[in-house]
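# Examining the three-dimensional arrangement
So you can see what is in the structure, the chains are spelled out below.
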Amino acid sequence: MTTSFPVDLDAPHRRCLVGNEPVIFHCHHFNTYLQQTLLDAEYLDTPKILVGAANEAAFHQLTSLFDRQAVQAVPERKKLAEELYRWAGFGKIDLSSLTAEGGTVSTDYSHYSQAWKVKLGKASKPVDFFTSGWLAGALSAVYDLPQDAFSATQLKCMAKEDELNVFSLTPGGPNYAVYTSPAGGTLSKQVIQETPVSPVDEDAVFQALGELPLAGDPDTGLIEAFGVILTRHYANYYNRISFEFERELAATFGMEGLEIAEPLLVESGHVCAFNTFGGIMKSMEWQGLIQPQLSTKEHWVQGMVACINALGWGRWQAVEISPGIAKFIIHNDYESIGYRAMYGRADHNISYLAKGAAMGIMDLIYIGHIEDGPTLDPAFYNQLFKAEHSYRGEVVKSLAMGDAYTEIHVLQ
Amino acid sequence: MSCSKPFNCSVSRDCAFRLEVKYVLCSEITESLLDHLQTGGVPLSITNFSRHIPEAKDLFSLKLSDHSVATGLVGGNEFVATYGKFGEKTGGDIDLGLLPVLKDRQGLEEKLMAFFSQTAAPGIS
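Residues numbered from 1 in each chain as written. Chains lettered and ligands numbered in written order. Predicted model: local features only at pLDDT ≥ 70, side-chain atom pairs only at ≥ 80, totals over all residues. Heavy atoms only, no water.

## What about the overall build of chain A?
Convention followed: Under the scheme used here, helices are H or I runs from DSSP no shorter than 4 residues and strands are E runs no shorter than 2 residues, and both carry numbers assigned from the N terminus. The globule rule used here is 2.2 Å times the number of residues to the 0.38 power, and the radius of gyration it is set against is calculated over C-alpha atoms. Summary of the burial criterion: residues with accessible area below 20% of their type's maximum are buried, those above 50% are exposed, and those between are partly exposed, where the area comes from a 1.4 Å probe applied to protein chains only. For the purpose of counting charges, residues Lys and Arg are taken to be positive, whereas Asp and Glu are taken to be negative. His and the chain ends are not included. In this description, the location of a charge corresponds to atom NZ of lysine, CZ of arginine, CG of aspartate or CD of glutamate.
What chain A contains, in helices and strands, is 13 helices and 12 strands. Rg of the C-alpha trace for chain A: 20 Å, near the compact-globule value of 22 Å for 412 residues, within the 12% margin. The principal-axis extent of the C-alpha atoms belonging to chain A is close to 60 × 50 × 45 Å. A burial count over chain A gives 63% of its 412 residues as buried. If the 29 positive side-chain charges of chain A are averaged to one point and the 49 negative ones to another, these points end up 2 Å apart.

## Some remarks on the interface of chain A and chain B
Selection rule: Two residues form a contact once any of their heavy atoms are found within 4.5 Å. By definition here, a salt bridge exists when the distance from a side-chain nitrogen of Lys or Arg to a carboxyl oxygen of Asp or Glu is within 4 Å. Polar contacts, as used here, are pairs of N or O atoms within 3.5 Å; protein pairs need one atom able to donate a hydrogen and one able to accept it. Residues neighboring in sequence count only if both atoms are side-chain atoms. Note on residue categories: nonpolar means Ala, Val, Leu, Ile, Met, Phe, Trp, Tyr, Cys or Pro, charged means Asp, Glu, Lys or Arg, and polar means any other residue, Gly included.
Contacts between the two partners involve 33 residues from chain A, matched on the other side by 29 residues from chain B. Summed over the shared surface of chain A and chain B, the number is four salt bridges. The partner of lysine 63 of chain B in a salt bridge is aspartate 217 of chain A, and the shortest N-O contact between them spans 3.0 Å. Seen at the junction of chain A and chain B, the total is eight residue pairs in polar contact (both at pLDDT 80 or more). The set of elements that each furnish at least two residues to the side of chain A that touches chain B consists of α1 (28–40), α4 (111–120), α6 (202–210) and α9 (284–290) of chain A. Looking at the side of chain A that touches chain B, its residues break down into 14 nonpolar, 11 polar and eight charged.

## Some thoughts on the packing of aromatic side chains
Each aromatic ring pair is summarised here by two numbers: the centre-to-centre distance and the angle between the ring planes. Residue and element names in this part refer to chain A. The following threshold applies: Ring geometry is summarised as follows: Phe, Tyr and Trp rings, the Trp one being its six-membered ring, pair when their centres sit within 6.5 Å, and such pairs are stacked at plane angles under 30 degrees, edge-to-face over 60 and tilted between the two.
Using the criterion set out here, one finds 28 aromatic pairs over all chains in the structure. On the numbers, 5.6 Å between centres and 55° between planes, the contact of tyrosine 85 with phenylalanine 90 is tilted. According to the relative accessible area criterion, tyrosine 85 is buried, its value standing at 0%. The buried category is assigned to phenylalanine 90, whose relative accessible area is 1%. Ring centres of phenylalanine 243 and tyrosine 343 lie 6.3 Å apart, and the angle between their planes is 85°; this geometry places the pair in the edge-to-face category. Within this pair, whereas phenylalanine 243 is found in helix α7 (residues 235–253), its partner tyrosine 343 is found in helix α11 (residues 334–343), the two being separated by 100 residues in sequence. Members of the aromatic cluster, connected to one another through ring pairs, are Phe30, Tyr85, Phe90, Tyr112, Phe130, Trp134, Tyr234, Tyr237 and Tyr238.

## As for the domain arrangement of chain A
Residues and elements named next belong to chain A. Quick reminder of the rule: The source of the domain bounds is an automatic or database domain assignment. Accessible area that two parts lose when put together, with a 1.4 Å probe and added across both, is what the buried area reports.
You can read the domains of chain A as domain 1 (45–171) and domain 2 (202–411). The interface of domain 1 with domain 2 comprises 27 residues on the first partner and 23 residues on the second. When domain 1 packs against domain 2, the two sides together hide about 2000 Å² of surface, and 61% of this comes from carbon and sulfur. If you sort the residues of domain 1 by the area they bury against domain 2, Ile49, Arg86 and Trp87 come out on top, with a joint share of 26%. A salt bridge links glutamate 248 to lysine 48, with the nearest nitrogen and oxygen atoms 3.6 Å apart. For the pair domain 1 and domain 2, the interface holds nine residue pairs in polar contact (both at pLDDT 80 or more). At the level of elements, α2 (46–68), α3 (74–87), α4 and α5 (129–142) are the ones that each hand at least two residues to the side of domain 1 that touches domain 2. When residues in the side of domain 1 that touches domain 2 are grouped by element, the largest group, 10 residues, is from α2.

## Observations concerning the nonpolar core
Using the following cut-off: Note on terminology: a nonpolar core comprises buried Ala, Val, Leu, Ile, Met, Phe, Trp, Tyr and Cys residues joined through side-chain atoms within 4.5 Å.
Formed by 142 residues in total, the largest nonpolar core has its most connected members in Trp134, Leu169, Tyr237, Phe277, Trp313, Trp316 and Phe328 of chain A. Residue contributions to this core peak at 12 residues, all from helix α12 (residues 352–367) of chain A. In this structure, this core is formed jointly by two domains, domain 1 (45–171) and domain 2 (202–411) of chain A, each of which donates at least three residues. In this structure leucine 169 of chain A touches Leu98, Glu101, Gly102, Gly103, Val105, Leu135, Ala136, Leu139, Phe150, Ser151 and Ala152 of chain A, once residues within four positions along its chain are discounted. Cys3, Tyr23, Leu37 and Phe115 of chain B belong to the second largest nonpolar core, which has 24 residues in total.

## Regarding the environment of glutamine 291 of chain A
Residues and elements named next belong to chain A. Among the structural elements, glutamine 291 can be located in the loop between α9 and α10 (297–308). With a relative accessible area of 30%, glutamine 291 lands in the partly exposed category. Linking glutamine 291 and glycine 303, residues 12 residues apart in sequence, is a C-alpha distance of 7.9 Å. With residues up to four places along the chain from it excluded, the contact list for glutamine 291 reads Trp286 and Trp300.

## Quick look at the side chain of threonine 220 of chain A
Counting through the fold element by element, threonine 220 of chain A comes out in the loop between α6 and β7 (223–225). Only 3.2 Å separates the side chain of threonine 220 of chain A from the backbone nitrogen of leucine 222 of chain A, close enough to count as a polar contact. Residues contacting threonine 220 of chain A, with those up to four places away along its chain left out, are Gly91, Lys92 and Tyr109 of chain A together with Asp66 and His67 of chain B.

Shown next, in the form of structure tokens:
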């Protein structure tokens, strides 16, 4: 898979950066669910966060890439930005109609709008906040303007059953929150821990998965794999929207706000695990590459961890695995790296996605018997994750709070 | 010698409510079958998992159209095809038996029939 921009793989830390922005895989289920979680809090102005976070990441990434690649001419810059948007699986976008005075742009492929319609049905308002912000950031970068030079408004949306998504960019200042990207953040020293003997050749899995052609389709700009629609998304986008959501809840409701935020954000991780991990463990990719190495449920956990390590989320290790408890150590989990870079040391643990994901692994394998290929539908979700016997997670160490790594115990 | 029934298929919906068909073939998927299926300019990609893990099987993906894709393992005897545009359909009770046969599906299944009517399948008559 070749691109006209450099994709910087940091294999030892299981990270990937493009334009000095960490990029990670997440699927349409998680993207839609997390966005909906924010939008459901109607008492907060969360659209300004969603648009602002996309503006932040796109502006920083493209500014970095244009500089690094010495791309000066506007048409070449637009071409690179369009390619990057498609490569990442966000859909297709044609920037040719936009100028330094803004303009209108339309698209018939959008990850967010199409996913919303599939997951949640017809929307009453436009829902592609991500692309609104991305366009505002990209256009500012293309024309060497300040990050917040344009306001962005989505006029039409396929999730509303409009034929196209249509966006309007207008000079004169932002209609969203403006954040400064923390870039890749600072990594902690990684001391690999001893793990149980495993039949899974994790480095080989990492290499093999890296060869999958996981880029947006040339015709649709979407990435179909593992039974879901993937994106190579910005870690800083997820972190910004999650942590700003939490902070706004705390600012509005105090400690109670924090208590509201945690289960909502952990649940997003659960949704991610159920759909993405469930999809992975039912996929042809899994059957071809991973499953031949496995013979026990503990091996399935180890196989899943090997796959997670190809998602760009940091380096996961399963240091103890049994039906009663699993202990996961995560070196440089993207949530902790992002939190520290954005806000400094945390006073509470913030590895929400990781916690939900770790719980989900155990639920899928030990309760859901994913090896039997169950249908991943809402009824199965409730049976797995909302039952009395579902696994619960405890974050016992937190990189964001100053520990050397993040450690999550999952117990029944 | 040819397969009396080249394949069985089971039909369901994927998580985006698209038509998902699982094909179980009467013999294993070979490179010559894949060559046959990519006739007419159907893009085929193969990821060589076995280069990294000796016991692994290689993954193939056939892009049947902008909105339809088939994925399986070389040397396996089943694969899955997904038909339809992501985001076009929403949920609801749908009688799968009433679905029209899609052009992409028809094209793929005609190729399968043609291949197995011409090709000997060892052990199956």
